[in-house]
Every structure is written in C-alpha cells, then in structure tokens.
Amino acid sequence: MSKDINQNPEQIARDKIDAMLREAGWVVQSKSDVDLSASLGVALRETNTQSGSADYMLFVSSKPVGVIEAKKEDEGQRLTMVEEQSKRYATEPIKIGNYILDNDKPFVYESTGTITRFTDYRDPKPRGRTVFWFHTPETLEEWLKKGVSLRERLLSIPELDVTGLRPAQIVAINNLEDSFKRNRPKALIQMATGAGKTFTAATFVYRLLKHADAKRVLFLVDTKNLGEQAEQEFMTYQPTDDNRKFTELYNVQRLTSSHIASDSQVCISTIQRLYSILKGEDLDESAEQDNPEENSWLKSQMSKKKAIPVDYTPKVPIEQFDFIVIDECHRSIYNLWRQVLDYFDAFLIGLTATPDKRTFGFFNENVVSQYTYEESVTDGVNVPYDVYTIETEISKNGEVIQAGWFVDRRDKLTRAKRWQQEDEDTEYKKNDLDKKVVNPSQIRNIIKEYRRALQITIFPKRVDENGEYEVPKTLVFAKTDSHADDIIKIIREEFDEGNEFCKKVTYKIDEDPKSVLNRFRNSYYPRIAVTVDMIATGTDVKPLEVLLFMRDVKSINYFEQMKGRGTRTIDNDKLLEVTRTANSKTHFVIVDAVGATKSKKTDSRPLERKPTVALKDLLQAVTMGVKDEDLFLSLANRLIRLEKQITEKEKEKLLELSGGQNLKQMTKALITAYDQDAIDQKAQIAIDSIPRAERTPALVEEAKQKAQDDLIQEASQPFNGKLNDYIDNVRKQHEQIIDSINIDTITKSEWDTTSIDKAEQTISDFTAYLEANKDEIKALSIYYNQPYNRKDVTFKMIKEVMEKIQLEKPTLAPDYVWDAYVNLSAVERSQQPKDQLTTLVSLIRKVCGIDQQLKPFDKTIDENFKNWMFKQNAGQHNRFTPEQVEWLRMIKDHVVSSYHIDLDDLDYTPFDAKGGKGKMYQLFGKEMNMIINELNEVLAA
C-alpha cells in the first residue's frame, strides 16, 4: 500500500479503510463521481447528513444501510467516544444531489484502518464490538432480508426439552443460551471427560440452527482424530422434536481441503486447516494428526510474543460463521492461534474438561457451566479409579552395560540387529530406557507382573466357563512406536496369545488405525491396545477397564486427558458383549509402571518455559504453513547437520519422499526464502515487466512480497507427513543398545496409598449412607433395628435399597464398596458374590454389625444350612429322607438368590417341576409351614 510522505494521519487511515472495503467487495466512490448502481455494495465518501458529513455511507442495492466514521490511527483508544457521532449520522436523513434519503441505516462502524468497531442497531441492546474487517455487502443484504438481527432472534429460543439430557448438560445448555441472550461474546463450558461434551454441543448447535436461524456453525478441533469423532457425533445425533437425524436436517462438512461449501450449516475443522485456508494454502493431512499444544517451536514463539499473522481472505469473510465451538479449548487452540479466532465475527464457545487460568482469562471468566470429574463420578456419569503401582529395580535406578559384554545393537528404523562387543561401560538411567537402551527384561517383568496382579488382585473374578482368565480391555501408553512394538511382542508372549490379542493403535500402523480402534471398542479382540498418540486424548472407548502407563507425561492437562480414557460408563449389556465375565463397570484401574501418577506436573504455560525445540516440531510447523524467518533458519541449520550424519541409503530414501530434493537443496531453499538479495533478484523480473510510467513504490513492494511468498512456498513444498517422520527418525541416534544381560526384578506391586485412602473413605461414606437411611428404608430398618425380623427381608426390599443407592449415590455401588474392603485386605476379592444384590446384603450385614468380618452372604446361607442340617440329624438320626433333603436344598438355593421364601413360591420354578406346593405337603405334611418359617429364620441369621 502506497503511503505518500506528505499524507496526514487522517488520509493514511482513509487509504487503509478504502483498501479494506475493496477487499470486502465494496466499490468506493467520492460524492463527485457517484454511481450507486455500479455494484451491489457502494461505499460513498463524505456523504452529507443533517448535522454533518459522514466519512463513508454504505449503500446496498442503491439504498443506504450503514455508516463508517474514520479516525486516525492514534485515536484507536477513543473509538467508543465517537459512537454517538456515528449513530447520529446513521439516524439522520442524507442528501445526495437533489435527493434526500431517509432509510434506516443500522450498520455502524468506527475505524482507524487498524482497529474497527461495529454496532448493529437492530440488536435489542445495541453493543459495539471489535471486528477484524468490514462485512461484505452480500452479508448486510442478507441480514436486512432476515428482518431481525441474530441477537434479537436469540431472545426467542424456546425452552429446552430436557428429554434424554443429563442434569449437567441441561445446566450447560440453559446457561449458555442465557449468555447468548445477554450478548456475551465468549462462553466456557467446563465438563468432565466422558460427561458428553460433544453431545451437549450437538444439542445447542441444533437449537441455534433451528430456533435462531444461525447461518453456519464451526466446530473447531486441534487433531484430525477429534474432528472425525465430532463428525460421528453429529451423524448419530437425533433431536427429540424430529424423527430425522441431524445430518438429514442440516449439512455437516468436515473440512479436508480449503473449500467451505456454501450450503454447509456445520463445518468441522482443525485449527491448522483453518489457518491454512485463511492463508490461501493447501495443508498436508499429516499436519492435523498432532496436537499443536505439544509443539515446542510454537510454544517458544508464544514465549517471545510472536503472533501468527492472519490476513483478510475474501473467500472466507469474517462473518463466515455465526458461532465457533472450540473443542478441548484448554490447549493451544486459542493462545498460539488466537488471531485465527479473532478473525471471525462470531460467538465463541469453549469446551474443556481441564481448564487452566489462561482458559478462564480468554473466555472473559464467563464460565456458564462447571462440571468436574468428581461431580460426574458422584452423579454416576463417570466411574472412579484406583491406582495400582508396579515398580522394578531397573525402572527406578537404571543399570550399567559393562565393557567387554557382547550385546545386540538395533537400528531404530529397520530394526535390524548386529552383535557387538562393548568397548566401554555404558550407564543408563530410567529416562534412557526405550530411547538409548532397551532392556527387554524390564518390559517383560512389568508385563508379567501385570498379568499376575490382574488375576490375583486387580480383577481376579474374570474366569470364564472354561476356567480361562479373561483379560479386561486394557490400554497401554507407550513412549514411542519402537517402544510400542517391543511391548506388543512381549505381551503376546507373556499372555500366550496371538496377534489379534494385542494391537498397536497409532497413526503410523499399516492397518487402518480407525478400524483397529473400532474393533478395540466394539469387538472381543483386541483385548489390549498399545498407543503412543492416537487415543491418548479425546477418543471414546467405553469398555476400557485398565490404563497401563509405561510412559510418563509432564503436562497435568494432558495427563488428565489420558486418565479420561478410562472414565466412561457403559451399560452392563454392552460391556458383556466385549468382556463376557464382567458384571458391570463400577471403576477403572490405573496401573502405574513408571511413576506417572507421582511425577511432578505443570500446567504447560508456555510463557514460563524456554523449551528446546525438537526437530519434529520445526518440521510440523512448516507443514502447517507457518511462515517465520526463525523457523526456516532453525530448520535449515538442523538439516545442514543431518546431511553430514546420514548414510547414502538414507539419502536415497529422502529423495524418494521429498519429490527429488536432497537435504542440501531443501536447506538452500529454506535460507533463500528470507535472503533479501534472492528476493530482490526474483522480484526484479516482475518489476521489469511493469512500464516505467506505472511503476509506483506500491507495485514494487507488491512484487517483492510476491517473490518472497513464492520462495517460501517453494521451500515449504517438500515437507509432508512421511518425509517429516523419516527425517525425525533418521536424525535420532541410529542404534539402540539391547541390554539382554541385566535381568530386572519387581520391587513393588501393590495398591497405591491414594487408593487405600480412597477405599477407607468409600467404606466410611457407605456406612454413613446406611446410617442416614436406616429409618426410611424398610430393609435397612429391619437389619438395624429389628434383627428378629431378618427372616422377612425379601428380594424386593433389597432391590429397593439397590435402586436408591444407584439413584442417589452411584459411587457406592456394591461392587466398588467390596473392592474398597479388598484394597484394605479385609476380604479376598475372589470371595465376592456373583451378583450385586447379594454383595449388597453382605455389605449391609457387615456395616450393621451382624457379621464381624465381611463375608459373602451366599456362603453364610450355605454354612447356616449345613449347621441346621447337622443339628437336625444329631437330634434325630437321618430325620429326612433323600427326597426331603433334595427339597430342603432347593429351598436353601432359593433363599440364596431371593433372600426369603413364601409358600406361594413353591408354585414356581424350580419347585413346580417337582410337584409344587402339593408335593411338599405330601413330603412334610403338617411340618411344611414350620420348616419354611424355620429355614427363613435360620438361613438369614
């Protein structure tokens, strides 16, 4: 843009505003050369009104619709002070020649060309807001045709139909819609992982489209995986007021290119792709696989306060979206990429389970709903967890490979081995494991101990009808793909299973990762999945019962997200489809083999860090389309070093993946992109093609910028997912030492102390709950206050207790309370009754003091029956015939499952097949009623 040195600040601002208007599709005219029919939108300078001259009057289809009041740049902080002036011009009649026009002009802007504010005076309580650019004429025309503004329409959204919604979801949606009605531009929904954030979003998005006539909603994520999952949620969502699916009513588009369909009402995109679209560039899909939060180069730029520049893109106007839903908004989706969000004139709604201070700050502390993990567990929406610790000697202290030992060295890429005698001692610490050194014994001991602990301590009752132990669905977090491969090999060996039993689920496997993940979620096999990145966060696998941590993580938010993989509840029937020996999912277990639950965590605030930038992060940033001199030069420096290290065979592979460019050529292109001499030389060709008479400073500058953009594009072009992975791998230490000599040993295998504390609290809470309800619930009243009536406790009474607990205190589910006693070594887990009701009776008897030790009630009944039979025979030898004994055993078995027997029960299974009530009378005569009463009393003792 040309700036005449003689221009005053007001003229400079006008030039900027003129350029902005033209890019947004307006024709800018002066009043001496007016032609309102020249275009759909005309911006007329210096238009007279009753009290003065408006800097710009906006016309759509020759009718005045708005006003722009221009101010010089240093008055940006005073724009709100001129709102009255611009409003006055908007409400007064205007005069053009001999014509006086008195139309409503509701769209009012105040702008310096750098800062622009906008007010729609059709809004219920018109409130100015900062916008990135001017709206297009087409948009203003569309808004006028709709009659009332979006903010006016938001006031008339009908009451929420709460059918099928959880309480926390109802609160979130109602409060969010109230926030919209109060014209709050940003809102934050904090909702625990597993509590249905995306379903909540689908519900309020549907209501915005249907009841507020929103044009388009953007659902923004930071990884491709989360985008695919959100797309599935919208595809399966069915509103309560329509029998059609969401996607039958509205078009949902997950962006896989730069094209945003004009008829899409919901767009799903990664922040990386949206950024590339605003830059007018293509994006390699590999750039969408990784979470930008973990990119150390991007964090370092944030710490240097370097914003990622975004320019106006006519193909994507600022009003493209009315609402933007930001999933997992606690991550870098808003800090490093804030300009992407600031670009759009839209309401912003953040979704997160784990907000931090920055999250609250960005959303103006407008937290419309807070629903924590602890609350979700209390409500039965999620399940709690226990921690089981496995520790080995080498995991904790490392080891030494001594000089003279013969060891294998393994190529990290090909995994080919060679045998070598070591020249010197190599000491390795726990942080070197699975990077510099692999100790198979360390991995094997963890897996072997996990298998043992599963069967004896963690989930011991998982034996099928053939006597085989059934491994619960387990997710293992590995450090790298190579580490994952080692773990999988050893798991298959130690569990004596085949390939289908344990699978890797990462983006880099040969099988379709989504297919493997789907089988893990819905089918019997695999029982164990090993992941590095793909399902660490945001992926729903409800049948998961164990998370095995074999990698540590330092970010508290990332760790909470990883833990969230196990929190999901699941219907008993659905769980039984994939785990046939599981009665219900009352909790999940974290098996910590690396101290992940104990290691120090940070909230990952980039301003507090000076990260060492990983090569993979530089590569990813270039692939994302980031253009920065420091980035290009840093990457060039790394590639220069790498070129000296790699083998000829590796150079050939690089040529194949880069489209024919070697490292020297790629390095030169990266440096040239910011070499001013090279830029000037390339630009001169374009400059020379401009006639001298037309060669303005602005055109010269434009040619230079175009030349640099072309050089940057050429330098970025070779970098794609496959090449980046290869470069990142070949630059690492080529070989790992395989330490097969130092044998590891287990030093700790036990429930974590936090689980012990939690177990004590669970038992205390259960006891307090029974005490609080002992006078209101009939069965509890009998157990506590009327022990002589225990014979009258029925199946129905016990079920009522269970239903009340499930409704009011789902965290006190009998299975989970029993596990608490197990964790305190008060009972063997293997002794637990097979069904929850019998478990409940056993627990009640313990809490009430009937049983001094926790005992399975079915076993108590068996013992009481044996003792009674012994007394009967002792008093009168062989008192009962074999047929009578068979009937007595049937009565005992009935009491085991139903806790009580009535005469009428004899007319049903299994008694009816043996002759029912009549047959018993035939066998026992007048003693029948007495024996039934006696057994009810004796067995319940």
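Residues numbered from 1 in each chain as written. Predicted model: local features only at pLDDT ≥ 70, side-chain atom pairs only at ≥ 80, totals over all residues. Heavy atoms only, no water.

## A short note on the layout of surface pockets
Cut-off, in case you're wondering: Cavity and pocket criteria rest on a 1 Å grid covering protein atoms alone: a 1.4 Å probe that fits but cannot get out defines a cavity, protein on both sides within 12 Å along at least 5 of 7 lines defines an open pocket, and an atom within 4 Å of a point defines a lining residue. Grid points are joined across faces, edges and corners, and a volume is the space filled by probe spheres set on the points. The way it works is that DSSP assigns letters per residue, a run of H or I at least four long becomes a helix, a run of E at least two long becomes a strand, and they are numbered from the N terminus. Residues are grouped as follows: Ala, Val, Leu, Ile, Met, Phe, Trp, Tyr, Cys and Pro are nonpolar; Asp, Glu, Lys and Arg are charged; every other residue, Gly included, is polar.
As a volume, the second largest pocket reaches approximately 1,400 Å³. Lining the second largest pocket are 44 residues, and of these Gln229, Glu233, Arg521, Asp540 and Lys542 sit closest to its centre. Residue assignment for the lining of the second largest pocket shows that the elements contributing at least two residues are helix 6 (197-211), helix 7 (224-236), helix 17 (513-522) and helix 19 (572-578). Each residue belonging to the lining of the second largest pocket can be placed in one class, and the counts come to 12 nonpolar, 16 polar and 16 charged.

## Description of the sheet that holds strand 29 (residues 746-751)
Filter applied, for reference: In short, DSSP must find at least two bridges between two strands for them to pair. Axis angles are defined between N-to-C directions and span 0 to 180 degrees, where every axis is a line fitted to C-alpha atoms and, for a helix, only to the segment in contact. Whether two residues are in contact is decided by their heavy atoms, any of which lying within 4.5 Å being enough.
Across the sheet, seven strands lie side by side as 24-25-23-26-27-17-29; this open sheet has mixed pairing. Both edges of this open sheet fall to strand 24 (502-504) and strand 29, since each of them pairs with a single strand only. Neighbour-to-neighbour, the strand axes of this sheet turn through a mean angle of 20 degrees, independent of strand direction. Summarising the sheet, strand 24 and strand 25 (residues 528-531) pair through three bridges and their orientation is parallel. From the neighbouring strand, lysine 503 faces strand 25, where its bridge partner is alanine 529. Sheet strands in contact with helix 17 are strand 23 (474-477), strand 24 and strand 25, and its direction is about 145 degrees off that of strand 24.

## Focus: the sheet that holds strand 12 (residues 252-254)
One open sheet accounts for seven strands, arranged 12-13-11-14-15-10-16; its pairing is parallel. Sheet topology places strand 12 and strand 16 (367-371) at the edges, where each strand pairs with a single neighbour. With strand direction ignored, the average angle separating the axes of adjacent strands in the sheet is 15 degrees. Across five bridges, strand 10 (residues 186-191) lies against strand 15 (residues 347-352) in parallel orientation. Across the sheet, the residue bridging to glutamine 190 is threonine 352, located in strand 15. The strands touched by helix 7 are strand 11 (217-221), strand 12 and strand 13 (266-270); relative to strand 13, the strand with the most contacts, the crossing angle is about 160 degrees.

## Details of the confidence of the model for the protein chain
For the record, the criterion: One confidence number per residue, pLDDT, is output by the predictor and ranges from 0 to 100.
In the predicted model, the protein chain carries a mean pLDDT of 86, and 93% of its residues have values of at least 70. Low pLDDT (under 50) marks residues 1-5, which in the prediction has eight contacts with non-local residues, meaning those over four places away or in another chain. Overall, residues 604-611 carries pLDDT values under 50, and its contacts beyond four positions in sequence, including any with other chains, amount to 20 contacts.

## Examining helix 7
Because each turn of an α-helix spans 3.6 residues, side chains separated by three or four positions in sequence point in the same direction. Formally: Multiplying 1.5 Å by the residue count of a helix minus one yields the expected span of that helix. Under the scheme applied here, a residue whose accessible area is under 20% of the maximum for its type counts as buried, over 50% as exposed, and between as partly exposed, the area being computed with a 1.4 Å probe on protein chains only.
An ideal rise of 1.5 Å per residue puts 18 Å on 13 residues; helix 7 measures up with 19 Å between its terminal C-alpha atoms. The complete set of buried residues in helix 7 reads Lys224, Asn225, Leu226, Gly227, Glu228, Ala230, Glu231 and Phe234. At its buried positions, helix 7 is contacted by helix 6, strand 11, helix 8 (246-249), strand 12, strand 13 and helix 17.

## Structural notes on the pattern of salt bridges
Spelled out, the test is: What counts as a salt bridge is simple: a side-chain nitrogen of Lys or Arg found within 4 Å of a carboxyl oxygen of Asp or Glu.
Summed over the entire model, instances satisfying the criterion amount to 44 salt bridges. Between arginine 410 and aspartate 486 there is a salt bridge whose closest N-O contact spans 3.0 Å. Taken together, the positions of arginine 410 in strand 19 (residues 406-411) and aspartate 486 in helix 16 (residues 481-494) put the pair 76 residues apart, joining distant regions of the chain. Per residue, the accessibility class of arginine 410 equals that of aspartate 486, and both read buried. Salt-bridge contacts for lysine 503 lead to glutamate 500; the nearest nitrogen and oxygen are separated by 3.6 Å.

## Some details on unusual backbone geometry
Residue proline 526 follows tyrosine 525 across a cis peptide bond; omega there is 0 degrees. Here threonine 909 and proline 910 are connected by a cis peptide whose omega angle stands at 0 degrees. Here proline 910 shows up in the loop between helix 33 (882-898) and helix 34 (916-924). Phi is positive for asparagine 364, which is not a glycine, with a value near 55 degrees. Structurally, asparagine 364 is set in the loop between helix 12 (357-362) and strand 16. Phi is positive for aspartate 496, close to 55 degrees, though the residue is something other than glycine.

## Describing a nonpolar patch on the surface
For clarity, the cut-off: Here, patches come from residues exposed beyond 30% relative accessible area and free of salt bridges, joined within 9 Å for like charges and within 5 Å for nonpolar side chains (Val, Leu, Ile, Met, Phe, Trp, Tyr). Here the accessible surface of atoms and residues is derived via Shrake-Rupley with a 1.4 Å probe, and residues count as covered only by protein chains that are part of the display.
Among the surface-exposed residues, Leu633, Ile640 and Ile671 lie close enough to one another that they form a single nonpolar patch of about 210 Å² accessible area. Tracing the chain through its elements places isoleucine 671 in helix 23 (residues 663-672). Relative accessible area serves as the criterion here: at 36%, isoleucine 671 is assigned to the partly exposed category.

## Some details on the environment of histidine 135
Operational definition: In protein, a polar contact requires one atom able to donate a hydrogen and another able to accept it; more generally it is a pair of N or O atoms within 3.5 Å, and residues adjacent in sequence count only if both atoms are side-chain atoms.
Mapping histidine 135 onto the fold places it in the loop between strand 9 (129-131) and helix 3 (137-146). In this structure histidine 135 comes out as buried when scored by relative accessible area, which is 0%. Sequence-wise, histidine 135 and alanine 38 are 97 residues apart; in three dimensions their C-alpha atoms are separated by 19 Å. Apart from residues lying up to four places away in sequence, histidine 135 is in contact with Ala24, Trp26, Tyr109, Phe118, Leu140, Trp143, Ile318, Glu319 and Asp345. One polar contact links histidine 135 to aspartate 345, side chain to side chain, over a distance of 2.8 Å.

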